[in-house]
Amino acid sequence: GQQLNQSPQSMFIQEGEDVSMNCTSSSIFNTWLWYKQDPGEGPVLLIALYKAGELTSNGRLTAQFGITRKDSFLNISASIPSDVGIYFCAGQRPGTYKYIFGTGTRLKVLA
Amino acid sequence: DVKVTQSSRYLVKRTGEKVFLECVQDMDHENMFWYRQDPGLGLRLIYFSYDVKMKEKGDIPEGYSVSREKKERFSLILESASTNQTSMYLCASSTRGLPGELFFGEGSRLTVL
């Protein structure tokens, strides 16, 4: 199946630093979702975006729906050790109930 | 809080056994999904259901079947388990309306020996 391009694949950061990751596609989407997944657990929905240009926050997390509708960005400010995990995006194309998922960004936070 | 519950977190089965994975959601969602997740391959859609008794094949339906007799319950069946079906299985649900948020269960880790 198709996967969205997500970068970076992995990153080590110092506690307190800000983190940015993004997903890109050659197709347009009408929904972007961002998830965090801990090892052995199911993905947990962090942020949902529904309109081009939309900027939404959830605590220290901020996500944006790209203007072209082909990309989305997630920022984590002032990272803490519990931010460790895999983050991935999901896009939903217009007129379909199906979702396409990003390849994931593995985040490791150094205390 | 929204809740998608998968009946078994960890299962170990033998090749050829029939395996049932159960999923229940309490959000009155119309759409339910079964995915498998493997390292390097990401999430792949096995089957999708948009209503009771309705189902649609996903990207990798071979070796699997599903049952949706009630709105809140979606079952994944492996008729004859094989070692290449060792994986993490994730159930998810969403509302019928577009666009929609997709909520996942905690996952079922299946090992086939």
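Whatever comes next refers back to the structure up there.
In this text, all values refer to a predicted model and were calculated from it rather than measured experimentally.

Enquirer: For the overall build of chain B, give the residues involved together with the corresponding values.
Expert: The helix and strand inventory of chain B stands at zero helices and eleven strands. Against the compact-globule benchmark of 13 Å for 113 residues, chain B has a radius of gyration of 13 Å, which places it among compact chains. Each principal axis of the C-alpha distribution contributes one length, and for chain B these read about 40 × 25 × 25 Å. The long-range share in chain B, meaning contacts at least 24 apart out of those at least 6 apart in sequence, stands at 55%. Accessible surface computed for chain B: about 5,400 Å², of which carbon and sulfur atoms make up 49%. With 16 positive and 16 negative side-chain charges, chain B shows a spacing of 5 Å between the two charge centroids.

Enquirer: Account for unusual backbone geometry, with residues named and values stated.
Expert: Between S7 of chain A and P8 of chain A the backbone carries a cis peptide bond, its omega angle lying at -5 degrees. Here P8 of chain A lies in the loop between β1 (3–7) and β2 (10–14). Although it is not a glycine, D28 of chain B adopts a positive phi angle of roughly 60 degrees. Counting through the fold element by element, D28 of chain B comes out in the loop between β3 (19–25) and β4 (31–38). The phi angle at K53 of chain B is positive, at roughly 65 degrees, despite the residue not being glycine. Structurally, K53 of chain B can be placed in the loop between β5 (42–51) and β6 (54–57). With relative accessibility at 57%, the residue K53 of chain B sits in the exposed group.

Enquirer: If you had to explain the interface of chain B and chain A to someone new, which residues and values would you point to?
Expert: The interface is formed by 27 residues belonging to chain B together with 22 residues belonging to chain A. For the interface between chain B and chain A, the tally reads two salt bridges. Here E41 of chain A and R9 of chain B are joined by a salt bridge, their closest N and O atoms 3.4 Å apart. Inspection of the region where chain B meets chain A yields seven residue pairs in polar contact (both at pLDDT 80 or more). Only β4, β5, β6, β9 (87–94) and β10 (103–104) of chain B provide two or more residues apiece to the side of chain B that touches chain A. Here the residues of the side of chain B that touches chain A are counted per class, giving 13 nonpolar, seven polar and seven charged.

Enquirer: Please give an account of the sheet that holds β3 of chain B that cites residues and values.
Expert: Residues and elements named next belong to chain B. Read from one edge to the other, the open sheet built from four strands follows the order β1-β3-β8-β7, with strand pairing classed as antiparallel. Each of the sheet's edge strands pairs with one partner strand only, and the pair in question is β1 (4–6) and β7 (65–70). For this sheet, the mean inter-axis angle between neighbouring strands, taken without regard to orientation, is 20 degrees. Taken together, the six bridges between β3 and strand β8 (residues 73–78) define a ladder with antiparallel strand orientation. Each residue of the ladder has a partner; that of L21, found in β8, is L76.

Enquirer: Residues and numbers for the layout of surface pockets, please.
Expert: One number sums up the size of the largest pocket: a volume of about 650 Å³. Lining the largest pocket we find 27 residues, and of these Q37, I86 and R106 of chain A together with Q37 and P39 of chain B sit closest to its centre. When residues in the lining of the largest pocket are grouped by element, the largest group, four residues, is from strand β11 (residues 105–110) of chain A. Its residues assigned to classes, the lining of the largest pocket shows nine nonpolar, twelve polar and six charged.

What counts, and at which threshold
- Within each chain, residues carry numbers counting from 1 in the order of the written sequence.
- Chain letters and ligand numbers both follow the written order, the letters beginning at A and the numbers at 1.
- Totals for whole chains, interfaces and linings use every residue, but because this is a predicted model, local features are given only for residues with pLDDT of at least 70 and side-chain atom pairs only at 80 or more, for both listing and counting.
- Neither water nor hydrogens contribute to the side-chain values; these are computed over all heavy atoms in the structure.
- A run of DSSP states H or I qualifies as a helix once it reaches four residues; a run of E qualifies as a strand once it reaches two. Both are numbered from the N-terminal end.
- To get the radius of gyration, use the C-alpha atoms; to get the globule rule, take the number of residues to the power 0.38 and multiply by 2.2 Å.
- Contacts are assigned to residue pairs that have any heavy atoms within 4.5 Å of one another.
- In these tables, accessible area is a Shrake-Rupley quantity obtained with a 1.4 Å probe, and a residue counts as shielded only by the protein chains included in the view.
- Charge counting treats Lys and Arg as positive and Asp and Glu as negative, with His and both chain ends excluded.
- Charged groups are reduced to one reference atom each: NZ for lysine, CZ for arginine, CG for aspartic acid, CD for glutamic acid.
- Between buried and exposed lies partly exposed: a residue is buried under 20% and exposed over 50% of the maximum accessible area for its type, with that area taken using a 1.4 Å probe on protein chains only.
- Any Lys or Arg side-chain nitrogen located within 4 Å of an Asp or Glu carboxyl oxygen qualifies as a salt bridge.
- Polar contact criterion, stated in full: a pair of N or O atoms within 3.5 Å, where within protein one must be able to donate a hydrogen and the other to accept it, and residues adjacent in sequence count only if both atoms are side-chain atoms.
- Gly counts as polar in this scheme, as do all residues outside two lists: the nonpolar Ala, Val, Leu, Ile, Met, Phe, Trp, Tyr, Cys and Pro, and the charged Asp, Glu, Lys and Arg.
- Two strands pair if DSSP finds at least two bridges between them.
- Note on method: axes are straight lines fitted to C-alpha atoms, helices fitted across the in-contact stretch only, with angles between N-to-C directions ranging 0 to 180 degrees.
- In this analysis, the protein atoms alone were mapped onto a 1 Å grid. Cavities are point sets where a 1.4 Å probe fits without being able to get out; pockets are open sets with protein on both sides within 12 Å along at least five of seven lines; lining residues have an atom within 4 Å of a point.
- Grid points are joined across faces, edges and corners, and a volume is the space filled by probe spheres set on the points.

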